[in-house]
Amino acid sequence: MKLERKKQESERLYRFSEEGNSCVIGSPETPRHWYNYLWNDDRYCAQVSQIGHGRSYYLRENADMCMVNRDDARYVYLRDETDGSCWNIGKGPLNEEVEEYSCTHSIGYSLLRSRRNQIEASWRIFVPKEGFHEVWTIKLRNTGRKQRQISVFPAVSFYLEGFRYPRYYEMYRCMETRFERELNGIYCDSSHPFAPHGRYHGFLASTEPVWAYDGDLAQFCGTSNTLTLPDASACALFQRPDVVVSGRDCTNSEAALFILGAALQHRITLQPGEEREFHLLFGISESCEEAAATLQKYRMPGEPERIFREAQACCYGKLSALSIETPDEKINHIMNNWVKKQADFCIVGKKGVRDNLQIAVGLLNYRQEKAKEEILECLRHQFSDGHAVLTWYPYDDTRYSDQPFWIIWAVCELMKETGDFDLLGQSVAWQDGGEASVLEHVKAAVRRLIEDKGENGLIRIRFADWNDALNVTDDPEAESVMLSHQFCLALRELGRLMRQTGDDEYALFAEREYKTLRESINRNAWDGDWYVRALSARGVIGSRSSRGSRIYLNAQTWAVLAGVAEADRLGKVLDAVDGMEQDFGFPLNLPPYAAYDPHVGRMSGMLPGLFENGGVYCHATGFKILMDCAAGRATKAAQTLQKIMPDSDANPSARSGAEPYVFTNCYATHSGYYGKSYQSWTTGTSVWALMGVYEGIMGVKRDYEGLRILPCFPASWGEAGMTRRFRGADYHIVISNPDHVENGRAVIWADGVRCDSDVLPDYRDGGTHEIKVVLTK
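Residues numbered from 1 in each chain as written. Predicted model: local features only at pLDDT ≥ 70, side-chain atom pairs only at ≥ 80, totals over all residues. Heavy atoms only, no water.

1. Some details on the pairing of strand β5 (residues 56-59)
Sheet faces and side chains relate simply in a regular strand, where the side chains alternate between the two faces.
Now for step 1: Burial along β5 is two-sided: the face carrying S56 and Y58 and the face carrying Y57 and L59 are both buried.
Now for step 2: The pairing of strand β4 (residues 44-48) with β5 spans 3 bridges and is antiparallel. Paired with Y44 across the two strands is Y58, which belongs to β5.
Now for step 3: The pairing of β5 with strand β6 (residues 65-67) spans 3 bridges and is antiparallel. (Buried < 20%, exposed > 50% of the residue type's maximum accessible area, 1.4 Å probe, protein only. Helix = DSSP H or I, 4+ residues; strand = E, 2+ residues; numbered from the N terminus. Pairing = 2+ DSSP bridges.)

2. Some words on helix α4 (residues 288-299)
Now for step 1: The end-to-end C-alpha distance of α4 is 17 Å, a good match for the 16 Å that 12 residues give at a rise of 1.5 Å each.
Now for step 2: Taken as a whole, α4 has its buried residues at C288, A291, A292, T294, L295 and Y298. Looking down the long axis of α4, one finds its buried residues gathered within 160° of arc, a one-sided arrangement.
Now for step 3: Next to the buried residues of α4 lie β12 (133-142), β14 (175-180), β15 (185-190), β16 (202-206), β22 (275-284) and α5 (303-319). (Expected span 1.5 Å × (residues − 1). Arc of directions from axis to C-beta. Contact = heavy atoms within 4.5 Å.)

3. With respect to the pattern of salt bridges
Now for step 1: Applying the stated criterion across every chain, the model contains 64 salt bridges.
Now for step 2: Where D452 meets R460, a salt bridge forms, and the shortest distance between an N and an O atom there is 3.6 Å. (Salt bridge = Lys/Arg side-chain N within 4 Å of Asp/Glu carboxyl O.)

4. Comments concerning the pairing of strand β7 (residues 74-80)
Now for step 1: Counting buried positions along β7 gives 7 out of 7 residues, so the element sits mostly inside the fold.
Now for step 2: Covered by surrounding structure in β7 are R74, V76, L78 and D80 together with Y75, Y77 and R79, the residues of both alternating faces.
Now for step 3: When β7 meets strand β8 (residues 86-88), the two strands line up antiparallel, connected through 3 bridges. Note on β8: the bridge partner recorded for R79 is C86.

5. Observations concerning the packing of aromatic side chains
Now for step 1: According to the stated counting rule, one finds 44 aromatic pairs in the structure shown.
Now for step 2: Connected via pairs of aromatic rings, a cluster forms that spans F405, W406, W409, W466, W558, Y617, F623 and W688.
Now for step 3: The ring of W749 has K772 lying over it, and the distance from NZ or CZ to the ring centre is 5.3 Å. (Phe/Tyr/Trp six-rings, centres within 6.5 Å; stacked < 30°, edge-to-face > 60°. Lys NZ or Arg CZ within 6 Å of the ring centre and 35° of its normal.)

6. So, the side chain of D72
Now for step 1: Tracing the backbone through its elements, the reader meets D72 in the loop between β6 and β7.
Now for step 2: Here R55 takes part through its side chain, which lies 3.4 Å from a polar atom of the side chain of D72.
Now for step 3: If we ignore the near neighbours within four places in the chain, the residues touching D72 are Y35, Q47, H53, G54 and R55. (Polar contact = N/O pair within 3.5 Å; in protein donor to acceptor, adjacent residues only side chain to side chain.)

If you want it as structure tokens, here you go:
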């Protein structure tokens, strides 16, 4: 009954519109803030919640950050000058009741609407195709019979932090605000001697005449609505700004040092039935003159809407090369644009070799040039000895063992996608100086992993592998079974690539290394019914005899993906994985650790059932979807996908708290946080779910010769279709399953001609081609 109530709550909270491209939220009181992210190729980004607040930032190509506002402060307040009542369009942060509230989070914008006291108001936020700012469009309409005078107060804080500097050089020591007439707004100037670029200047400007303003948030919010921080600096609290709630006007203040921001007051008179619209720009610039020139464009009639339409076309254009239609409406809503938008955002939000290579391989399905750019960028953060940094923003070169695997795997996938083997000769810099070809980067990664083998012939785990929280602190010689599986897969794929390039000698080397490593894993890491997670002289991890957790998911899924599990062991591995199933996915390990154990490190220091300690890790469940497809378990793959889908039947958003349009990283199984998620948007779950659907269930896989069609269709699906751009041609693929067979054999026609293999013709002609696939027993 409790779960059913949560499902009903979720249904009341939102609905999809515009063919799933917009999520319309019907209440500001979501289980937690539901965000949209809006950004452009200049790397300006705005995070927008269902009440409109959120952080705005610029992340330069080399990962220097400029966080424009502090504490997510982005608000619009309205006040009726007749009776003094005040409210927000999105209800918060004043939390005064509004009627007819809605928040539409769409692919390229967010729009809040509400009504109070016969005033209809809306607030639209988008980021233009080019520039370092966001655009707010405010509309007010008087639905009553009397003239109304409304004060509108857009308000933000200024922070401008996000880069390294010597101690005591905090940005607030270098900042001041002033009202600029040419800008018709407040400019926050800074003079930081260590700023890495010239855009550490913020502004809030308006196309509407400004009645009054405040650049000192202590004046706008009131001294009782400020908070002193441990370093003696201060910040403003926006829950009930004194100026707004007391009926006063802004004080025309300017300030330096502490509590800097921008609050503009517009006093608007509305006749009965009259509607007014104006625009605000919030962002950063190199000078006040640049910001003022940007504002001038938005004063021109029709220009704001043209810029808005251009931004929308750009957003959808990036995603248009891949689409799907299945019997499942929710899959269609998520997989057509939201999951691709989420994956794109991960590239903006993450700057790590392992993370970005996984995202880039997912992007190969629809943004090939961007994926290529990202893969080459990751290679620049590889050291000449083959290992790589964990992240380049913030910089962290802690020695994780798995970075080389992702390099090999991603380059092989890039070669399959493009068919351009000349890329292997392209020169790319090393993190520690000098440069080498892409192929030499790959070979360095191979050498690193071979040199990192331990006494059992498996790859040493070092600080950690993919599981950041599995830290074998008491044994530096411990070996990772998951990474050894992954290296097997990399060697197998690299051998195929080298055969394609004609380097039979290196191909033979890779094939021999694959065989040797596979034998070592099966000899040393098999526990009778599943593979252990790590080998150590201080105690095997993930064995039936281990203290704490006895089985780990990733050691099983990658054994299947890499072809390590031998025929007589495959069934046992699959049974073991099935035995780990929870209501809403598959946990990383079972049972969870009850207490901290230095032998496994950080994961055991968390409460049982949280995060990596027995929580359902959706990213790893994404691996499991592809494992099911590799094993021909079509229905299992579809069921696993359904478990981790946003707002799933087993874990609706009203319980998980997560947005119903993007994937999350994990769900808790701990009773005190059961079913709840931690974070969404910046998670690799997005691309592994995407690959699970398009490459696994639909079975449309890139390969050196062309697109390969190997569907793993559940019996319940009668038909599904998709469009995929590959090497300049569009393939419209319709898969029919008339007899509802499970994982049926594919018979394929390309433009009406029956294919004699599962590889489609490599057209490369810029045209659209019709592919018909019929599944038979």
